[in-house]
Amino acid sequence: MDILEKRTFDARLFDVNCTDLLDDDETVSSVSTIVADQGSLTFGTATINSALVTYPDGTTAAIGKAIQFEISGGRIPPGVAELMCTVRPRLTTSLGNDIEATVLLRLTKRAG
């Protein structure tokens, strides 16, 4: 599993490739919510890919198989250098299924 990374100060766009969660003829229709188990993260509105996406490692996501959203903010408890957060986008698919994707995010403190 890939681990996303961001600093508490950053506001960055991230992709979640949902290909392995979906049947071959199934696509993401909507994203109802995005939650995290810790870290006080803020999530932007998710969009669904409308074109083929090719990632740096060579994997691809066909149309409707990936989502993109911004993650900003975040808090790390005092005395802790980084925090591993579980991020869960909740999806509805073209076949009417409700699916929860799961990704890890390493949240680190702002430099300085």
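None of these values were measured; they are calculated from a predicted model.

Time to look at the overall build of the protein chain. In terms of regular secondary structure, the protein chain is built from zero helices and eleven strands. In the protein chain, the succession of α and β elements from N to C terminus is β-β-β-β-β-β-β-β-β-β-β. Over its C-alpha trace the protein chain gives a radius of gyration of 15 Å, about what one expects of a compact globule, namely 13 Å for 112 residues. Along the first, second and third principal axes, the C-alpha set of the protein chain runs to 50 × 30 × 20 Å. Counting only residues that meet the buried cut, the protein chain has 34% of its 112 residues in that class. Taking all contacts inside the protein chain whose residues are at least 6 apart in sequence as the whole, residues at least 24 apart take part in 69%. For the protein chain, the computed accessible surface area is about 6500 Å², with 48% contributed by carbon and sulfur atoms. Across the protein chain, the 10 positively charged side chains and the 15 negatively charged ones have centroids separated by 14 Å.

What follows covers the pairing of strand E8 (residues 66-73). Looking at chain direction, strand E2 (residues 11-17) and E8 are connected through seven bridges and run antiparallel. Within E8, the residue paired with valine 16 across the bridge is isoleucine 67. Where strand E5 (residues 47-48) meets E8, two bridges bridge the pair, whose relative direction is antiparallel. Looking at the pairing, isoleucine 48 lines up with isoleucine 67 of E8.

Take the nonpolar core next. Of all hydrophobic cores here, the largest spans 21 residues; its most connected members are Val16, Cys18, Leu41, Ile67, Phe69, Val87 and Leu105. Secondary structure elements with two or more residues in this core: E2, strand E3 (28-36), E8, strand E9 (82-93) and strand E11 (103-108). A per-element tally of this core places E9 first, with four residues.

Moving on, we come to the side chain of serine 72. Looking at where serine 72 falls in the secondary structure, it is placed in strand E8. With relative accessibility at 17%, the residue serine 72 sits in the buried group. When neighbours within four sequence positions are excluded, serine 72 is seen to be in contact with Lys6, Asp10, Ala11, Leu41 and Thr42.

Our next topic: the packing of aromatic side chains. By the definition in use, this model includes one aromatic pair. Their ring planes at 70° and their centres at 6.1 Å tell us that phenylalanine 43 and phenylalanine 69 sit as a pair that is edge-to-face. Remark: phenylalanine 69 occurs in strand E8 and phenylalanine 43 occurs in strand E4 (residues 41-43); sequence separation between them is 26 residues. Of the residues examined, phenylalanine 69 reaches a relative accessible area of 0% and is grouped as buried.

Rules behind the numbers
- Residues numbered from 1 in each chain as written.
- Predicted model: local features only at pLDDT ≥ 70, side-chain atom pairs only at ≥ 80, totals over all residues.
- Heavy atoms only, no water.
- Helix = DSSP H or I, 4+ residues; strand = E, 2+ residues; numbered from the N terminus.
- Rg over C-alpha atoms; globule rule 2.2 N^0.38 Å.
- Buried < 20%, exposed > 50% of the residue type's maximum accessible area, 1.4 Å probe, protein only.
- Contact = heavy atoms within 4.5 Å.
- Areas by Shrake-Rupley, 256 points an atom, 1.4 Å probe, with all protein chains shown as cover.
- Lys, Arg positive; Asp, Glu negative; His and termini not counted.
- Charge placed at Lys NZ, Arg CZ, Asp CG, Glu CD.
- Pairing = 2+ DSSP bridges.
- Core = buried A, V, L, I, M, F, W, Y, C linked by side-chain atoms within 4.5 Å.
- Phe/Tyr/Trp six-rings, centres within 6.5 Å; stacked < 30°, edge-to-face > 60°.

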